[in-house]
Amino acid sequence: MEIKSILKYFLGIEDRWSIGIYTGDSFCHFYPPENIKNPVLTAKDITDRRAVFVADPFMLKEEGIWYMFFEVLSFWRSKGEIGLATSKDGFNWSYRQIVLSEPFHLSYPYVFKYNGEFYMIPESYEKKAVRLYKATRFPNQWEFSANLLLGHDFQDSSIFNYRNKWWLFTCPTLQNNELKLFYAEDLRGPWLEHARNSVIKDNPYAARCGGRVLVLDNKVIRYAQDDYPVYGRQLCAFEITRLTTNEYEEKECPGNPVLKASGSGWNKSGMHNIDPHFLGQERWFACVDGNDR
């Protein structure tokens, strides 16, 4: 680990992210439920690494079991790796193991299922690539499948399928103020740049994605981090009102921010990621993260 990172850790100024569970009555209204003691996962729960923090959670439910994937920042390895936790009820979680590690930093494990197969696009900006992984044995065995994009510091890449096309948002710089959009006919590409890129410019309030893109009938919702004046301050929702290969428009959803700093406790300083799941009858369930720095 770099000397400056060690000093930050021991001085207590390293970010201290952990993971919680929220419920809600719409895609833009979430709150901590009374029957859960958040956070449900912290660095202390990681048994196969000395962890600095856990963050960026994403979930899938298969055969009655919730599987959560998230970044584990390893102290001795000085990089992020992808961890796994499971739950039968979504409220009580058990850490399992690190399921994906590379020589470079990994985070934001955007996991999804397509045609019966499981895929993940973890952030790997140090490789200047958007890398697709496929599960050879879900949930704990993954292998590299393809580079979807190359050449930039791609951050928090978020993929979704809409009207028979694949779409991918990504923040291509470390300044968190620009959003690019790409599209493809096939998951593995070739991926083409949107005609209106960059679809968001010079806007740290709304550029960098912060969770799963939702496709609700004909409505598409994008969650974005508000990273000004500090990183990971809060999270807002935007409805994409026009999406073609030549056009892009979005509008802010009423009721923003969706997540924000509480001022005390595990998320007193900020929140910056959400993976919401619709349970039916206006019931929503989400994993989120918070910072108590």
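Our subject is the structure that appears above.
Calculation criteria
- Residues numbered from 1 in each chain as written.
- Predicted model: local features only at pLDDT ≥ 70, side-chain atom pairs only at ≥ 80, totals over all residues.
- Heavy atoms only, no water.
- Helix = DSSP H or I, 4+ residues; strand = E, 2+ residues; numbered from the N terminus.
- Polar contact = N/O pair within 3.5 Å; in protein donor to acceptor, adjacent residues only side chain to side chain.
- Phe/Tyr/Trp six-rings, centres within 6.5 Å; stacked < 30°, edge-to-face > 60°.
- Buried < 20%, exposed > 50% of the residue type's maximum accessible area, 1.4 Å probe, protein only.
- Lys NZ or Arg CZ within 6 Å of the ring centre and 35° of its normal.
- 1 Å grid on protein atoms, 1.4 Å probe; cavity = no way out; pocket = protein on both sides within 12 Å on 5 of 7 lines; lining within 4 Å.
- Points joined across faces, edges and corners; volume = space filled by probe spheres on them.
- Nonpolar A, V, L, I, M, F, W, Y, C, P; charged D, E, K, R; others polar.

Things to note about the side chain of Asn 291
Stage number 1. Considering the arrangement of structural elements, one finds Asn 291 in strand 21 (residues 283-291).
Stage number 2. There is a polar contact of 3.1 Å between the side chain of Asn 291 and the backbone nitrogen of Arg 16.
Stage number 3. There is a polar contact of 3.0 Å between the side chain of Asn 291 and the backbone nitrogen of Arg 293.

Focus on the environment of Gln 175
Stage number 1. With respect to the element layout, Gln 175 can be found in the loop between strand 12 (165-171) and strand 13 (180-184).
Stage number 2. When the C-alpha atoms of Gln 175 and Arg 293 are compared, they prove to be 21 Å apart, with 118 residues separating the residues in sequence.

Details of the packing of aromatic side chains
Stage number 1. Counted according to the given criterion, the structure contains 22 aromatic pairs.
Stage number 2. Centroid distance Tyr 67 to Phe 138: 5.1 Å. Interplanar angle 70°. Geometry classified as edge-to-face. With Tyr 67 in strand 4 (residues 65-74) and Phe 138 in the loop between strand 9 (129-137) and strand 10 (141-150), the pair connects residues that are 71 residues apart, well separated along the chain.
Stage number 3. Tyr 67 sits in the buried class, given a relative accessible area of 16%.
Stage number 4. These aromatic residues form a ring-pair network of at least three members: Tyr 67, Phe 69, Phe 118, Phe 138 and Trp 142.
Stage number 5. Over the aromatic face of Phe 75 sits the side chain of Arg 50, whose NZ or CZ is 4.3 Å from the ring centroid.

So, the layout of surface pockets
Leftover empty space is mapped by rolling, across the atoms, a probe with the size of a water molecule.
Stage number 1. Quantified by volume, the second largest pocket comes out at close to 350 Å³.
Stage number 2. Forming the boundary of the second largest pocket are 19 residues, of which Tyr 110, Arg 212, Val 213, Leu 214 and Val 215 lie nearest the centre.
Stage number 3. Listed by contribution, the elements that provide at least two residues to the lining of the second largest pocket are strand 3 (51-62), strand 7 (107-114), strand 11 (155-162), strand 15 (214-216) and strand 20 (274-280).
Stage number 4. The element contributing the most residues to the lining of the second largest pocket is strand 7, with 4 residues.
Stage number 5. Residue classes in the lining of the second largest pocket are distributed as 14 nonpolar, 2 polar and 3 charged.

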